[in-house]
Amino acid sequence: MSQRAFSNTNLYLLAFTYFCYFGQVGVIIPYLGVFLDARGFSSVEIGQLTAFITLARIIGPHLWANFSDKSGKNLRMLQLGCLLSLCCFSLVFFIDSFWALSISIGLMMMFISAILPQIEVLTLSCVNGQGSRYGKIRLWGSIGYILLTIATGTMIDSFSTEAPVYITSLILLTLLCSSFFLTEPNKTREPLQQNDSIWPKLKAPIFICFIFSAMLLQMSFGPYYGFFALYAKDLGYSGQATGWLIATGVMVEVVIFIFAGGLIKRFGVKSLLVFSIGLTALRWALLAYYADSLFFLLLSQMLHAFSFAMTHAASIHFIHVYFGKYFQSRGQAIYISVAFGLGGAGGGFIAGELWQQGQGAELTFLFASLSAIVSAICLLPITSKRMNGVA
């Protein structure tokens, strides 16, 4: 097989890996609240459990990010993470208590989140950091999310609220199997000097502003990830209709990923982040006040293209260039653990306290909107020239 064909095969496999990885996200995250509600948990307990398992994402990425950077064995770490995720999640079939479920799903989230930096590093190494090629591979994650979110909603209607457990287990098994067909790309590593350290990069004002913004943005997603499916159910939508609502946001997200590289090159990281986060604040406000209108509900879902896809593509681009090749796994791990872990856990916990079995839905999404506004403000002290200079 020629080197070009070999490289293309690896890119196709990475696309399928994204498909499976974000496919399981599209199953477990939107429907976890429905699954837990059916097992008799209150909204406060759902919020606490969601916060606990999201908090596990702080630990996971750091388990082997340092080893991955020093050894360059990103693929081996990915495969180990897939195996441990499957083993831990399989315990859900045999347990039912609050803490047992929290630990089982929390461990799964810890290991599954730890493999995402490895997938990102492998992909960016294969495409040589080209944003447009990265976006076209990453969009398969969105396609997986769409298809499996709709399928899971339909399965819940046709069978039971236990459907997400069976589907997630099957996807994790497929993800593990597919990882064994991937290959580690040849990487040209930057020479490491004796006193090189990641700390100067972490303490720089540009990164502090960025990571606080990312954390608050993910905090704003807490009510959506924890309670949107239940919210839609309270509004009278079936499981299948809820699946289509969630998938609508991801469908338009696919378009953004296709053009993400060109948009970043033209407008820069800061402008796109501030604009997209501003639209995110609008999105949560629409859910707070106009969720009973199908038009505004669909509009809020379409804004997912900016609130997630554009912010994620711009953030990954920033992290990849800012940390360089030697520190990129640790940079990805810090971004995922602080933003998605700490921010997501805080958002999930606060949402659980405010939700009050659906009575506090408006207040909960207003909190999300305010969190997004502050997220955008965090980026303002950085000049466009400076932030775009590292983009």
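Conventions adopted
Residues numbered from 1 in each chain as written. Predicted model: local features only at pLDDT ≥ 70, side-chain atom pairs only at ≥ 80, totals over all residues. Heavy atoms only, no water. Phe/Tyr/Trp six-rings, centres within 6.5 Å; stacked < 30°, edge-to-face > 60°. Buried < 20%, exposed > 50% of the residue type's maximum accessible area, 1.4 Å probe, protein only. Helix = DSSP H or I, 4+ residues; strand = E, 2+ residues; numbered from the N terminus. Expected span 1.5 Å × (residues − 1). Axes fitted to C-alpha atoms, helices over the stretch in contact; angles between N-to-C directions. Parallel < 35°, antiparallel > 145°, perpendicular 65-115°, else oblique. Contact = heavy atoms within 4.5 Å. Nonpolar A, V, L, I, M, F, W, Y, C, P; charged D, E, K, R; others polar. Disulfide = S-S within 2.5 Å. Core = buried A, V, L, I, M, F, W, Y, C linked by side-chain atoms within 4.5 Å. Arc of directions from axis to C-beta. Patch = residues over 30% accessible without salt bridge, like charges linked within 9 Å, V, L, I, M, F, W, Y side chains within 5 Å. Areas by Shrake-Rupley, 256 points an atom, 1.4 Å probe, with all protein chains shown as cover. Salt bridge = Lys/Arg side-chain N within 4 Å of Asp/Glu carboxyl O.

Chemist: An account of the packing of aromatic side chains is needed here, citing residue identities and associated values.
Modeler: Under the counting rule described, the total for this entry stands at 29 aromatic pairs. Aromatic side chains Tyr21 and Phe22 sit 4.9 Å apart centroid to centroid with 75° between the ring planes, which places their arrangement in the edge-to-face category. Across the pair, exposure class does not vary: Tyr21 and Phe22 are buried alike. Taken together, a centroid distance of 6.1 Å and an interplanar angle of 50° make the contact between Phe41 and Phe98 tilted. Of this pair, Phe41 sits in the loop between helix 1 (3-38) and helix 2 (43-71) while Phe98 sits in helix 4 (residues 98-126); the two residues are 57 residues apart in sequence, bridging distant segments of the chain. Residue Phe98 is classed as buried on the basis of its relative accessible area of 18%.

Chemist: Tell me what's going on with helix 6 (residues 163-179), and back it up with residues and numbers.
Modeler: The first and last C-alpha atoms of helix 6 sit 25 Å apart over 17 residues, in line with the 24 Å expected at 1.5 Å per residue. By the criterion of burial, helix 6 is predominantly enclosed, with twelve of the 17 residues buried.

Chemist: Before we move on, could you go through the packing of helix 10 (residues 239-267) against helix 11 (residues 269-289) and cite the residues and values that matter?
Modeler: Running from amino to carboxyl end, helix 10 crosses helix 11 at an angle of 110°, the nearest separation of the two axes being 7 Å. One way to sum up the angle between helix 10 and helix 11 is to call them roughly perpendicular. Residue-level inspection shows Leu263, Ile264 and Phe267 of helix 10 in contact with helix 11, the latter providing Val269, Ser271 and Leu272. A per-class count over the contact of helix 10 with helix 11 returns five nonpolar, one polar and no charged.

Chemist: Can you explain the environment of Leu303? Please cite residues and give values.
Modeler: Looking at the secondary structure, you find Leu303 in the loop between helix 12 (294-302) and helix 13 (304-355). On the basis of relative accessibility, which here comes to 10%, the residue Leu303 falls in the buried class. In contact with Leu303, other than residues within four places in its own chain, are Leu279, Leu282, Arg283 and Leu286.

Chemist: Just give me the short version of the state of the cysteines, but keep the residues and values in it.
Modeler: For the structure shown, the criterion picks out zero disulfides. Looking at Cys87, it has no disulfide partner, and the nearest cysteine sulfur is the one in Cys88, 6.8 Å off.

Chemist: I'd like a description of the nonpolar core, backed by residues and values.
Modeler: Grouped together as the largest cluster of nonpolar side chains are 119 residues, with contacts concentrated most on Tyr21, Phe207 and Tyr335. Of all the elements, helix 13 adds the most residues to this core, at 19 residues. Beyond its immediate sequence surroundings of up to four residues, Tyr21 is in contact with Ile112, Ser113, Ile115, Leu116, Ile119 and Leu175.

Chemist: Any chance you could break down helix 12 for me, citing the residues and the numbers?
Modeler: Looking at helix 12, one finds that the buried residues are Leu297, Ser300 and Gln301. Buried residues of helix 12 fall within an arc of 100° about the axis and therefore sit on the same side.

Chemist: Just give me the short version of a nonpolar patch on the surface, but keep the residues and values in it.
Modeler: Residues Leu370, Ile373, Val374, Ile377 and Leu380 make up a contiguous nonpolar surface patch of roughly 440 Å² in combined accessible area. Here Leu370 is to be found in helix 14 (residues 361-379).

Chemist: Describe the environment of Val338, with residues and values.
Modeler: One can find Val338 in helix 13. With residues up to four places along the chain from it excluded, the contact list for Val338 reads Ile211, Met215 and Gly343.

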